[in-house]
Amino acid sequence: MTRDEIKQLLSLTGEDRLIDLYARAYAVKTETVGRKVYFRGLIEMSNVCVKNCYYCGIRRDNEAVRRFTLNTDEVVASALWAHEADYGSVVLQSGERSTEEFITSVEKILSELKEKTKGELAVTLSLGEQTEETYKRWLNAGAARYLLRIETSNPALYTRLHPKDHNFEIRLNCLKTLQKLGYQVGTGVMVGLPFQTVDDLTSDVLFFRDMDIDMIGMGPYIPHAQTPLAASAAPSQTARAYSLEMGLKMIAVTRLVLPDVNIASTTALQALSPVGRELGLKAGANVIMPNITDTKYREYYQLYDGKPCLNENAGQCRDCLESRIKALGEEIAYRDPGTPKHFLTRTAAGN
Ligand code: SAH
Ligand code: SF4
């Protein structure tokens, strides 16, 4: 698909045309990755963060947030719950930190999980920018996948969303390093950001393609009242409807351009519509990340306002999702790590 074609699809309006776009993407999904949904149990390990991204509710300078960090036993117990519940994979996510203590604790969690699940549980990390050495240590300890959103592929927009000590090139290099080391690499962007244009989103899709990305997680940007970016755009209903629709269009177009990648139907979609994640699956996504963090910590890990499922425990989340997905006529791929087809093809080709 050319740049112009992608931009045209992202600019589509009107219910009939959109239904048609989602149906095309769904047909491609059915053909390439099947009508299967892969679960990744999400564990929010800590909201302590050294970074200060202008959009994020747990940024360093937000003094209204009560900070928490799970101990390694708590993380391992949650991950083992997911394994028992037949999830093929978990995601360990947290604010960014690079102290030796933090690096070692992640290593400890990874090796314990490898041993206790006999390597059956695929572990994804989403722990921000780290050195090559750290990424290597975590890979050696048992991590297989890494999620690091580029947030936007437009360096000028990236600069407007972050303070001066954040650097687009560093983030980009982290993605390249992860790929070089042999991780399955996921990235993504926020959709509906202030100052973001359809041209930017078009470039984002091309970025995923040119970077040979295996997994994509895109979500609508949702303002958090205690952040500097929230002042840039009031969270109006129009803005929310735009972000939801554009989020779905981005999923559909990404599926058309990159048929064999894994695409997440993110929780931020659910924050904008009670059936947001189902709509994401219908637009071409094939991964869902049920939150399995202990409910007593969830309210302190709010990247944006209106995070859904704050009070549902992991078992309730599983049951709720199971019935929603069955109603769509899709199958949940239990006990399957769901390695992205794109990764298998890419590595077989020696890339
Ligand atoms: N600290 C790590 C992982 C946690 S943040 C990191 O930054 O990579 C995970 C993701 O949450 C970010 O990549 C960002 O895309 C998303 N996020 C943060 N604030 C958000 C907001 N206000 N609306 C939607 N997504 C947001
Ligand atoms: Fe920290 Fe990630 Fe939030 Fe940025 S987006 S402030 S790195 S948790």
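Just above sits the structure.
Residues numbered from 1 in each chain as written. Chains lettered and ligands numbered in written order. Predicted model: local features only at pLDDT ≥ 70, side-chain atom pairs only at ≥ 80, totals over all residues. Heavy atoms only, no water.

## Topic: the overall build of the chain
This is how it is decided: Only DSSP runs of H or I covering at least 4 residues are called helices, and only runs of E covering at least 2 are called strands; the numbering of each starts at the N terminus. Values of the radius of gyration come from C-alpha atoms, whereas the globule rule sets the reference at 2.2 Å times the count of residues to the power 0.38. Burial status follows relative accessibility: with a 1.4 Å probe on protein chains alone, a residue under 20% of its type maximum counts as buried, one over 50% as exposed, and anything between as partly exposed. Accessible areas in this description were obtained via Shrake-Rupley with a 1.4 Å probe; residue shielding takes into account the shown protein chains only. For the purpose of charge, His is not counted, nor are the chain termini; Lys and Arg are scored as positive and Asp and Glu as negative. To locate a charge, take atom NZ for lysine, CZ for arginine, CG for aspartate or CD for glutamate.
Looking only at helices and strands, one finds 14 helices and 10 strands in the chain. For 351 residues, the compact-globule formula gives about 20 Å, and the C-alpha radius of gyration of the chain, at 19 Å, lands near that figure. C-alpha atoms of the chain, sized along the principal axes, occupy 50 × 45 × 40 Å. In the chain, buried positions account for 58% of the 351 residues. Carbon and sulfur atoms make up 52% of the accessible area of the chain, which amounts to about 14,500 Å² in all. Separation between the mean location of the 42 positive side-chain charges and that of the 44 negative ones in the chain comes to 1 Å.

## A look at the packing of aromatic side chains
What counts is decided by this rule: Working definition: rings of Phe, Tyr and Trp (its six-membered ring) pair if their centres are within 6.5 Å, and the pair is stacked with planes under 30 degrees apart, edge-to-face with planes over 60 apart, and tilted otherwise.
Following the criterion strictly, the structure yields 10 aromatic pairs and no others. Here F68 and Y297 contribute two aromatic rings whose centre-to-centre distance is 5.0 Å and whose plane-to-plane angle is 20°, an arrangement assigned as stacked. Here Y297 lies in helix α12 (residues 295–298) and F68 lies in the loop between β1 (36–46) and α3 (72–84), a separation of 229 residues in the sequence. Residue classification places F68 among the buried positions, given a relative accessible area of 7%. Here a set of aromatic residues connected by ring pairs shows up, and it is made of F39, W81, Y87 and Y334.

## Re the environment of D210
Stated formally: Residues adjacent in sequence count toward polar contacts only when both atoms are side-chain atoms; beyond that, a polar contact is any pair of N or O atoms within 3.5 Å, and within protein one must be able to donate a hydrogen and the other to accept it.
Within the fold, D210 resides in helix α8 (residues 198–210). Between the alpha carbons of D210 and L139 there is a distance of 24 Å; along the sequence they are 71 residues apart. Side-chain polar atoms of D210 contact the side chain of R209, separated by 3.4 Å.

## Section: helix α1 (residues 3–10)
Quick note on the threshold: Regarding the arc, it is the one traced by the directions from the helix axis to the C-beta atoms. Here, two residues are considered to be in contact whenever any of their heavy atoms come within 4.5 Å of each other.
Listing the buried residues of α1 in full gives I6, L9 and L10. For α1, the angular spread of buried residues about the axis comes to 100°, placing them on one side. Exposed positions of α1 whose direction lies more than 90 degrees from the buried face are D4 and Q8. Taken together, the buried residues of α1 touch α2 (15–32), α8 and α9 (237–257).

## What about the site of ligand 2?
For clarity, the threshold we go by: Working definition: residue near molecule or strand if any one of its non-hydrogen atoms lies within 4 Å of it. As a working rule, the residues Ala, Val, Leu, Ile, Met, Phe, Trp, Tyr, Cys and Pro are called nonpolar, Asp, Glu, Lys and Arg charged, and the rest polar, with Gly in that last group.
Near ligand 2 the following residues occur: C49, K51, C53, Y55, C56, I58, R59 and G95. Partitioning the shell around ligand 2 into residue classes produces five nonpolar, one polar and two charged.

## Concerning the pattern of salt bridges
Going by this rule: Criterion for a salt bridge: a side-chain nitrogen of Lys or Arg within 4 Å of a carboxyl oxygen of Asp or Glu.
If you walk through the whole model with that rule in mind, you get 21 salt bridges. Between K51 and E129 there is a salt bridge, and its shortest N-O distance comes to 3.1 Å. Of this pair, K51 sits in the loop between β1 and α3 while E129 sits in the loop between β3 (122–126) and α5 (132–141), and the two are 78 residues apart along the sequence. The exposure class assigned to E129 is buried, which follows from its relative accessible area of 10%. Between E100 and R137 there is a salt bridge whose closest N-O contact spans 2.8 Å. Of this pair, E100 sits in helix α4 (residues 100–116) while R137 sits in helix α5; the two residues are 37 residues apart in sequence, bridging distant segments of the chain. Overall, E100 belongs to the partly exposed group, its relative accessible area being 46%. Bridged by salt links that share partners, the residues K51, E96, E129, E151 and R171 form one connected network.

## A short note on the nonpolar core
Our working definition: To define a nonpolar core, start from buried Ala, Val, Leu, Ile, Met, Phe, Trp, Tyr and Cys residues and group those joined through side-chain atoms within 4.5 Å.
With 99 residues, the main nonpolar core has L92, L125, W138, Y146 and Y183 as its most contacted residues. When residues in this core are grouped by element, the largest group, nine residues, is from α9. If we skip the residues at most four places from it in the chain, L92 touches I43, M45, V75, I109, V123, T124, L125, S126 and L127. Counting seven residues, the second largest nonpolar core, distinct from the first, contains Y38, L42, V91 and V287.

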